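A look at the structure
The residues making up each chain are set out below.
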Amino acid sequence: MNAQVPAPKGQETGMQEMTGAEMVVQALKDNGVKHIFGYPGGAVLPIYDELFQQEEVQHILVRHEQGAGHAAEGYARSTGKAGVMLVTSGPGATNAVTALQDALMDSIPLVCITGQVPTTLIGSDAFQECDTVGITRPCTKHNWLVRDVNQLAAVLHEAFHVAHTGRPGPVVVDIPKDVQFAKGTYTPPQTAPRTSYNPRVEGDQDKIKMAIALMAAAKRPVIYSGGGVVNAGPEASHLLRELVDLTGFPITSTLMGLGAYPASGKNWLGMLGMHGTFEANMAMHDCDVMVCIGARFDDRITGRIDAFSPDSKKIHIDIDPSSINKNVHVDIPIIGDAGRVLEDMVRLWRASAHADKAALKPWWEQIAKWRARDSLAYKPNDDVIMPQYAVQRLYEMTKYRDVYITTEVGQHQMWAAQHFGFEAPNRWMTSGGLGTMGYGLPAALGVQIAHPDALVIDIAGDASVLMTMQEMSSAVQHRAPIKIFILNNQYMGMVRQWQQLLHGNRLSHSYTEALPDFVKLAEAYGCKGIRCEKPGELDDAIREMIETDQPVIFDCRVANLANCFPMIPSGKAHNEMLLPDEATDEAVANAIDAKGRALV
């Protein structure tokens, strides 16, 4: 009989001796990470060496660290899991800052692991050194500089916990190179000390009852949902739909909340805000009870604060206490997870006697009058592709597929939000709070990696997409068949629109001259390029794009000077919207470029 070999020290409790670099890879595995996005450099080579020697975690090589962050955001937004990025010290970390701030403002769980110079060189202005913790402190939920290898595993597990818990957001773990080489004891997640960060998820029952009573007495109610409902998981979206059906209330949504309630739903008012529908914004302005769920009353939603929904009682449900009464005073604040609070609201509504839905009939009649204004209407054109028409055709030809949409930032982003109908959560990835040009292409890469069999389309602008165009190389390398659908109007469209309407039609540097030939650019990257210039050719071209089993750059030439309406002008209230039929065409007709030539 063979003698039993004693287990190595620590193994009986799950603890093992390993290097810091090995700890990083093991922590990724233990936290369920399947994919990370990154770019190697000297300060993270030990970690990259460990990644090379395993196959459980797939590394996606990007071409710029900002691209890694946005790809991780797209991955996170489409899956509900934390996105992970790995970058080197110095410029690697500073290049990640835009993505970190983007994730912070849009509440995206993102774990960013950065390399750092050896601890003995910190503060000496060593090669590729920067104060990563100091630089990223304002744009993360939390960050750590790990100087002791024996603390590394616990910090990594805590990082995932903080990124996911409460209001999701980005975190940074900065690891000096000597800590990556050093050996220490690895503690698995179940034995690692857990952070004291434990935000409240259950809403106050008395306040929820007060909210239900206020809602039951409402004559002109509206539900205003946001990205917090999406972040709370699919069940929260299901409960939101159930609450709408039970109450008969109309519902609108922020840009980030699209899909939580289906665009085909009979109570849907469309998106609200600066480029929201007339009916959504007027309902917000004239309502008597507003139920805000998982949104933060940002300026693109409220317009002029002192004129925002002046006669309504406001209920605000948010997991982040700092968002309560930050921008708009509310009457019933409820701190908690949107899904948990919605569950309580549905239960209490079912259990109580409420006024009949017929009491809301006059309110719905008024909404019908606002809807009749058809605020998303545009003038069709048989010779030139209107951008709204392009988005509508894209939607009609993809709506029965498993499709995920990302966007860049600008007019095309708003047209996508207005004209592409989202029926489910986690299908819409866009940069809302920061408005990051260049977001959509790498985000599409992240979504495609997470959902390899899905159709992933980046609705892009010709100016915005060039900011991260290099990530097409990543898509080709990793065989991610993303579709880049460019609404090419040869302008920084939203900048041009604001210059036209608010700056005396002085089009200062908004005309994007010297654009590349996008078809040739696609061929240079080794993927497919398609160009379409006529409305009658659009369906066939879109079909070709969809059926192409490789990355595609689609150059859709649209009307140069189309404006995005409706629009709440800067400093105006919801009831002062500018509608398409109220906008004069004089500024468009008289537009000239910097060289004095008439633009057509």
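Residues numbered from 1 in each chain as written. Predicted model: local features only at pLDDT ≥ 70, side-chain atom pairs only at ≥ 80, totals over all residues. Heavy atoms only, no water.

**A look at the UniProt feature "domain: Thiamine pyrophosphate enzyme TPP-binding" (unreviewed entry) in the protein**
Per the UniProt record, "domain: Thiamine pyrophosphate enzyme TPP-binding" (unreviewed entry) is annotated on residues 409-556. The span residues 409-556 shows a helical share of 37% and a strand share of 17%, and its end C-alpha atoms are spaced 17 Å apart. (UniProt positions renumbered as here; feature names shortened; annotations may be inferred. Helix = DSSP H or I, 4+ residues; strand = E, 2+ residues; numbered from the N terminus.)

**With respect to the UniProt feature "domain: Thiamine pyrophosphate enzyme central" (unreviewed entry) in the protein**
Within this numbering scheme, the UniProt entry marks residues 208-344 as carrying the feature "domain: Thiamine pyrophosphate enzyme central" (unreviewed entry). Between the end C-alpha atoms of residues 208-344 there is a gap of 8 Å, over a span that is 35% helix and 20% strand.

**So, the sheet that holds strand β17 (residues 455-461)**
Read across the open sheet, the six strands follow the order β16-β15-β17-β18-β20-β19; overall the sheet is parallel. This sheet does not close on itself; its edge strands, each paired only once, are β16 (428-429) and β19 (528-532). With five bridges connecting them, strand β15 (residues 403-407) and β17 associate as parallel partners. Note that in β17 the partner of Val-403 across the bridge is Leu-455. Sitting on the sheet, helix α16 (residues 387-398) is in contact with β15, β17, β18 (483-488) and β20 (552-557), with an inclination near 155° to β18. (Pairing = 2+ DSSP bridges. Contact = heavy atoms within 4.5 Å. Axes fitted to C-alpha atoms, helices over the stretch in contact; angles between N-to-C directions.)

**Describing the pairing of strand β6 (residues 142-145)**
Taken together, the four bridges between β6 and strand β7 (residues 170-176) define a ladder with parallel strand orientation. Counterpart to His-142 in the pairing with β7 is Val-171. Taking the sense of rotation as the criterion, the β-α-β connection linking β6, helix α7 (residues 149-164) and β7 turns out right-handed. (Right-handed = clockwise from strand over helix to strand, strands pointing away.)

**Notes on the environment of Ala-338**
The topology assignment puts Ala-338 in helix α14 (residues 338-351). By relative accessible area, Ala-338 is classed as buried at 8%. Residues Ala-338 and Arg-479, spaced 141 residues apart in sequence, show a C-alpha to C-alpha distance of 37 Å. (Buried < 20%, exposed > 50% of the residue type's maximum accessible area, 1.4 Å probe, protein only.)

**Remarks on unusual backbone geometry**
Residues Phe-565 and Pro-566 are joined by a peptide bond in cis, for which omega reads 0°. Positionally, Pro-566 belongs in the loop between β20 and α23 (586-589). The phi dihedral of Gln-490 falls on the positive side, at around 65°, and the residue is not glycine. When you line up the elements, Gln-490 lands in the loop between β18 and α20 (493-502). In this structure, Ala-514 is a non-glycine residue whose phi angle is positive, near 60°. Among the secondary structure elements, Ala-514 is positioned in the loop between α20 and α21 (518-525).

**Comments concerning the side chain of Ser-107**
Note that Ser-107 resides in the loop between α5 (97-106) and β5 (110-116). Apart from the residues within four sequence positions on either side, Ser-107 is in contact with Arg-167, Pro-168, Gly-169 and Asn-231.

**Structural notes on the nonpolar core**
By size, the foremost hydrophobic cluster in this structure holds 98 residues, and its most contacted members are Met-215, Phe-485, Met-545 and Phe-554. Among the elements that line this core, the one with the most residues is α14, at seven residues. Beyond its immediate sequence surroundings of up to four residues, Met-545 is in contact with Leu-394, Ile-457, Lys-483, Phe-485, Ile-530, Val-552 and Phe-554. Among the nonpolar cores identified, the runner-up in size contains 42 residues, and Tyr-75, Ile-108, Met-472 and Ala-480 belong to it. (Core = buried A, V, L, I, M, F, W, Y, C linked by side-chain atoms within 4.5 Å.)

**Quick notes on the sheet that holds β5**
Read across the open sheet, the six strands follow the order β3-β2-β4-β5-β7-β6; overall the sheet is parallel. Pairing within the sheet leaves two strands with one partner each, and these edge strands are β3 (58-61) and β6. In this sheet, neighbouring strand axes are inclined to one another by 20° on average, regardless of whether the strands run parallel or antiparallel. The sheet strands contacting helix α2 (residues 45-52) are β2 (35-38), β3, β4 (83-87), β5 and β7, and the helix crosses β4 at an angle near 125°.

**Examining the packing of helix α12 (residues 278-286) against helix α15 (residues 361-371)**
The contact between α12 and α15 brings their axes to 8 Å, and the two run at 140°. One finds that α12 runs oblique with respect to α15. With respect to the hand of their crossing, α12 and α15 are arranged in right-handed fashion. From α12, Phe-278, Glu-279, Met-282, Ala-283 and Asp-286 reach across to α15, where they touch Trp-363, Ile-367, Trp-370 and Arg-371. (Parallel < 35°, antiparallel > 145°, perpendicular 65-115°, else oblique. Left-handed = near helix turned anticlockwise from the far one by under 90°.)

**Quick word on α21**
All buried positions along α21 are accounted for by Phe-518, Val-519 and Ala-522. In an axial view of α21, the angular spread of the buried residues amounts to 105°, which keeps them on one side of the axis. Opposite the packed face of α21, turned more than 90 degrees from it, sit the exposed residues Lys-520, Glu-523 and Ala-524. Where α21 is buried, its residues touch β18, β19 and β20. Two or three places before Val-519, at the start of α21, stands the capping residue Asp-517, its side-chain oxygen 3.0 Å from that residue's backbone nitrogen. (Arc of directions from axis to C-beta. Polar contact = N/O pair within 3.5 Å; in protein donor to acceptor, adjacent residues only side chain to side chain.)

**A short note on the side chain of His-478**
As for its placement among the helices and strands, His-478 is situated in the loop between α19 (471-477) and β18. Here Leu-61 takes part through its backbone nitrogen, which lies 3.1 Å from a polar atom of the side chain of His-478. Once you skip the residues sitting within four places of it in the chain, His-478 turns out to touch Gln-58, His-59, Ile-60, Leu-61 and Ile-449.

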